[in-house]
Amino acid sequence: QVQLVESGGGLVQPGGSLRLSCKASGSIFSMYAMGWYRQAPGKQRELVATITSGGNTVHADSVKGRFTISRDNAKNTVYLQMNSLKPEDTAVYYCNGNINLLDGRIRSYWGQGTQVTVSS
């Protein structure tokens, strides 16, 4: 099977930075499109950013110019660099990946989430 494990969350002051990582492991042949989502208390999960296997990116309007998604295919890892953080960025951040498995199937997986809290 495949696991996506996020790391890098924590408590940061407004204006600070964090870098989230999401590493895929298991029966992976390759990773297709990957993405970061977030869910704040009482709100629906929302898209933050996505990146294709070729490196094309899309960022939500709310994070454009502050967040950057990237990937390292050799390490089966996707990153989210978050700068100029605001209290409204506080949420659980989830990694999602479309994985091409060794048996040829393509499946979508979610990580367990990592908490990001922006507060003074």
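Just so you know, these numbers come straight off a predicted model, no measurement behind them.

**Considerations on the sheet that holds strand 3 (residues 18–26)**
Now for step 1: Reading across the sheet, the four strands line up as 1-3-8-7 and stay open at both edges, with antiparallel pairing between neighbours. The sheet terminates laterally at strand 1 (2–7) and strand 7 (67–72), the two strands that pair on one side only. With direction set aside, neighbouring strand axes in the sheet form an average angle of 15 degrees.
Now for step 2: Sheet topology places strand 7 next to strand 8 (residues 77–82); six bridges connect them, and they run antiparallel. Residue pairing for strand 8: Phe67 is matched across the bridge by Met82.

**Section: the environment of Tyr32**
Now for step 1: Topologically, Tyr32 is positioned in strand 4 (residues 28–39).
Now for step 2: Taking the C-alpha atoms as reference, Tyr32 lies 27 Å from Ser17; in sequence the two are 15 residues apart.
Now for step 3: Not counting the four nearest positions on each side in its chain, Tyr32 is found in contact with Ile51, Ser53, Arg71, Asn98, Asn100 and Ile106.

**Observations concerning the pattern of salt bridges**
Now for step 1: Under the criterion given, the structure shown has five salt bridges.
Now for step 2: The closest approach of N and O atoms between Arg38 and Glu46, which form a salt bridge, is 2.6 Å.
Now for step 3: Asp89 is the partner of Arg38 in a salt bridge, and the nearest nitrogen-oxygen pair spans 3.0 Å. One end of the pair, Arg38, is in strand 4; the other, Asp89, is in the loop between strand 8 and strand 9 (91–101), with 51 residues separating them in the sequence.
Now for step 4: Residue classification places Arg38 among the buried positions, given a relative accessible area of 6%.
Now for step 5: Under the relative-accessibility criterion, Asp89 is labelled buried at 0%.
Now for step 6: Taken together, the salt bridges that share partners define one network made up of Arg38, Glu46, Arg66 and Asp89.

Conventions and cut-offs
Residues numbered from 1 in each chain as written. Predicted model: local features only at pLDDT ≥ 70, side-chain atom pairs only at ≥ 80, totals over all residues. Heavy atoms only, no water. Pairing = 2+ DSSP bridges. Helix = DSSP H or I, 4+ residues; strand = E, 2+ residues; numbered from the N terminus. Axes fitted to C-alpha atoms, helices over the stretch in contact; angles between N-to-C directions. Contact = heavy atoms within 4.5 Å. Salt bridge = Lys/Arg side-chain N within 4 Å of Asp/Glu carboxyl O. Buried < 20%, exposed > 50% of the residue type's maximum accessible area, 1.4 Å probe, protein only.

Taken by themselves, the reported measurements are silent on function.
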